[in-house]
Amino acid sequence: YREATAATNRTFPDYFKFGIATASYQVEGAWNEDGKGENIWDHLCHTNPTFVDNGDNGDIACDSYHKYKEDVGLLKDLGVAYYRFSLSWSRIIPLGLAGSPINQAGIDYYKNLIQELVDNGIEPMVTIFHWDLPETLQEFGGFPNPELVEHFAYYARVVFENFGDSVKYWGTFNEPLQTCHQGYGTGTMAPGYKSSGLAEYKCTHTLIKAHARAYHIYDEEFRPQQQGYVGMIPDTMWFEPASDSPADQEAAERALQFNYGWYFNAVANGNYPSVMIERIDERSKQQGFETSRLPKFTEEEIEYIKGTYDYVAINAYTTAYAQAKEETDPSVISYESDLNVDTFIDETWEQSASSWLRVVPWGLRHLLNWLSKTYNHPEIFVTENGVSDTGGLDDDRRIYYYQEYLSNVLEAILDDGVNVTRYTAWSLLDNFEWARGYSEKFGMYNVNFANPERPRTPKASASYYANVIASRCLVDTCE
Ligand code: GBH
């Protein structure tokens, strides 16, 4: 199919699993059917239609709520070992509140989907939260309100109880960086709050405690019977030092810590990265705060949070250069100035349909090596990786992207000794790409959003991926 290079003509080890992902709000539709409650994306799209390009919303999306059997058929055609999808909190608990009523129809929908997967030999990998917070919880303040820990604990228990016999791989939070930084910092995602350097730190503080709480609930109440695995699913781009200078090297490491380490250092070691604590404490003091803008975990909390993961996950799409810069005005209150790193890209890197996403395959290999080194050689799952275009079935550039990124995964495994055991493509279907609506396409299957039946059509990348999975090889012939 494509010319073999040194990297691409070797095979993936037998234990290695290929999967593909979606998320509830992006594909399900049925936004108010069968008792589902409103979530923050329903609310945002309906009350502020200019927030999303073209006034798009997820009311119908891919209609996977009704077409899940067909979706499982597509997964079967691909030959994936597992399907990573997320649960809609407000479909299961319409108000979201701890102790509030459970919607049986919502439970049934996911039971049916899981059964259909199991019947077809596809393992379910379930994300508990992928950004669609019940609107009622947002009215109570959302993630910056510490009460959210209790609401999430209630929700987590309900899903472990109902689905845990069949689900062995759980992810608590998808890309918590986006939930907090974009949701409550830059305001570019629902609920759209702009409180950089303030609410976003409180958001993260609550979210990490909620994660740890769910992990312990699983550990104590469900793991003995269910024998599954629980992790968090953070994301970062790779930050490549702009030069060999110690200042640029340090800037790149600091950027990784402010993005990935903000979440995963807490999960692994019980606290925020020391570079975050030092910088934000110091800047807060200069700014006249009595206590740091970065909340503190107590010793007890640190012990409780430390080690709450059974695998290390990474959503990774792209790369930027990182460069040291002069300290900006110390009075500025924002995450960006707390971090204080210049980032830029190489304009020759291939573009996608997403402004933030350049095609930089080698970045993934660097990132996997960094994760392995930073977190003591754990088992690593790539939980999302993929590329957007503006549409069309002959998606040649998507095939190129997958081949080259997977080739770097293979080199990380075979040449660098990184223990990557899973790779998850984003995404099965063209879907609701958040603030970009339906304009950016990530799917291996095209969805015709103009047709009420939402027909799916395989793109060339679907048959490429099916071939890779069947042969465990990225080119026509492997050695
Ligand atoms: C993931 O986010 C999500 O998990 C998934 O739901 C999504 O569909 C997929 O990837 C594709 O985007 O607008 O300049 O502020 C990927 C990581 C990082 C992508 C933040 C959007 C916002 C850039 N995201 N980014 S900007």
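Conventions and cut-offs
- Residues numbered from 1 in each chain as written.
- Predicted model: local features only at pLDDT ≥ 70, side-chain atom pairs only at ≥ 80, totals over all residues.
- Heavy atoms only, no water.
- Disulfide = S-S within 2.5 Å.
- Buried < 20%, exposed > 50% of the residue type's maximum accessible area, 1.4 Å probe, protein only.
- Pairing = 2+ DSSP bridges.
- Helix = DSSP H or I, 4+ residues; strand = E, 2+ residues; numbered from the N terminus.
- Axes fitted to C-alpha atoms, helices over the stretch in contact; angles between N-to-C directions.
- Contact = heavy atoms within 4.5 Å.
- Near = heavy atom within 4 Å.
- Polar contact = N/O pair within 3.5 Å; in protein donor to acceptor, adjacent residues only side chain to side chain.
- Areas by Shrake-Rupley, 256 points an atom, 1.4 Å probe, with all protein chains shown as cover.
- Nonpolar A, V, L, I, M, F, W, Y, C, P; charged D, E, K, R; others polar.
- Salt bridge = Lys/Arg side-chain N within 4 Å of Asp/Glu carboxyl O.
- Patch = residues over 30% accessible without salt bridge, like charges linked within 9 Å, V, L, I, M, F, W, Y side chains within 5 Å.
- Phe/Tyr/Trp six-rings, centres within 6.5 Å; stacked < 30°, edge-to-face > 60°.
- 1 Å grid on protein atoms, 1.4 Å probe; cavity = no way out; pocket = protein on both sides within 12 Å on 5 of 7 lines; lining within 4 Å.
- Points joined across faces, edges and corners; volume = space filled by probe spheres on them.

(A) The state of the cysteines, seen in detail. In total, this model carries two disulfides according to the counting rule given. There is a disulfide in this structure between cysteine 473 and cysteine 478, and the S-S distance comes to 2.0 Å. Between cysteine 473 and cysteine 478, the S-S torsion sits near 100°, and that sign places the bridge as right-handed. Under the relative-accessibility criterion, cysteine 478 is labelled partly exposed at 24%. Here the disulfide map of the protein reads 1-2, 3-4, the bonded cysteines being numbered as they appear in the sequence. Summary of cysteine pairing: cysteine 45 is not part of a disulfide, and the nearest cysteine sulfur, belonging to cysteine 62, is at 14 Å. By relative accessible area, cysteine 45 is classed as buried at 5%. Judged by its relative accessible area of 0%, cysteine 62 is buried.

(B) Geometry of the sheet that holds strand β6 (residues 238-241). The strand order across the open sheet built from three strands is β6-β8-β9, with neighbouring strands paired in mixed fashion. Since the sheet does not close on itself, it has two edges, and those belong to β6 and β9 (341-344), each with one partner. When the angles between neighbouring strand axes are averaged without regard to direction, this sheet yields 40°. Where strand β8 (residues 319-324) and β9 come together, four bridges link them in antiparallel fashion. What sits directly across from alanine 324, in β9, is valine 341. Sheet contacts for helix α10 (residues 246-269): β6, β8 and β9; angle to β6, the most-contacted strand, approximately 170°. Here helix α14 (residues 361-374) sits on the sheet and contacts β6 and β8; the angle it forms with β6, its principal contact strand, is near 95°.

(C) A look at the sheet that holds strand β2 (residues 82-86). Within the open sheet, the eight strands sit side by side as β5-β4-β3-β2-β1-β13-β12-β7. Their pairing is parallel. In the strand order of this sheet, the two ends are held by β5 (229-233) and β7 (312-315), each with one partner. Here the strands of the sheet are splayed against their neighbours by 25° on average, with no regard to which way each runs. In this structure, β2 lies alongside strand β3 (residues 123-129), joined through five bridges in parallel fashion. Considered in β3, the bridge of tyrosine 82 is made with glutamate 123. The sheet strands contacting α10 are β5 and β7, and the helix crosses β7 at an angle near 170°. Strands β7, β12 (380-385) and β13 (420-426) of the sheet are contacted by α14, whose axis makes an angle of about 145° with β12.

(D) Broad picture of the environment of phenylalanine 264. Among the structural elements, phenylalanine 264 can be located in helix α10. Judged by its relative accessible area of 0%, phenylalanine 264 falls in the buried class. Sequence spacing of phenylalanine 264 and glycine 231 is 33 residues, and the spatial spacing of their C-alpha atoms is 10 Å. Those residues in contact with phenylalanine 264, other than ones at most four positions away along the chain, are Pro234, Tyr309, Tyr311, Val312 and Tyr375.

(E) Examining the site of the ligand more closely. The full set close to the ligand counts 15 residues, and Gln26, His130, Glu175, Glu433 and Trp434 are the nearest of them. Within the side chain of histidine 130, an N or O atom sits 2.9 Å from an oxygen atom of the ligand. Side-chain polar atom of tyrosine 317 to an oxygen atom of the ligand: 2.9 Å apart, as the coordinates give it. If the ligand stood free it would expose 570 Å²; the protein chains cover 79% of that surface. Looking at side-chain class alone, the shell around the ligand contains six nonpolar, six polar and three charged residues.

(F) Region of interest: the pattern of salt bridges. Under the criterion given, the structure shown has 28 salt bridges. Look at the salt bridges and you will find they share partners, linking Lys17, Glu123 and Arg422 into a network.

(G) A nonpolar patch on the surface, seen in detail. Taken together, Leu198, Phe289 and Ile333 make up a surface patch of nonpolar side chains, about 210 Å² in accessible area. By relative accessible area, which is 30% here, phenylalanine 289 ends up partly exposed.

(H) View of the packing of aromatic side chains. Scanning the entire structure with this criterion turns up 54 aromatic pairs. Arranged with centres 4.9 Å apart and planes meeting at 65°, the rings of tyrosine 109 and tyrosine 110 form a pair that is edge-to-face. On the numbers, 5.7 Å between centres and 75° between planes, the contact of tyrosine 201 with tryptophan 262 is edge-to-face. Residue tyrosine 201 is found in helix α9 (residues 199-226), and its partner tryptophan 262 is found in helix α10; the two are separated by 61 residues along the sequence. Within the aromatic cluster, the residues linked to one another by ring pairs are Tyr25, Trp41, Phe51, Trp131, Phe432, Trp434, Tyr438 and Phe449.

(I) Structural context of the side chain of aspartate 389. Tracing the backbone shows aspartate 389 in the loop between β12 and α15 (396-414). Beyond its immediate sequence surroundings of up to four residues, aspartate 389 is in contact with Ala353, Asp395, Arg398, Ser439, Glu440, Lys441 and Lys459.

(J) Looking closely at the layout of surface pockets. What the largest pocket holds in volume is close to 1,200 Å³. The wall of the largest pocket is formed by 48 residues, among which Gln178, Gln182, Asp235, Met237 and Trp356 lie closest to the centre. Among the elements of the structure, α8 (176-186), α10, β8, α13 (335-339) and β9 are those that each provide at least two residues to the lining of the largest pocket. If one sorts the elements of the lining of the largest pocket by residue count, α8 sits on top with five residues. Counted by class, the lining of the largest pocket contains 19 nonpolar, 19 polar and ten charged residues.

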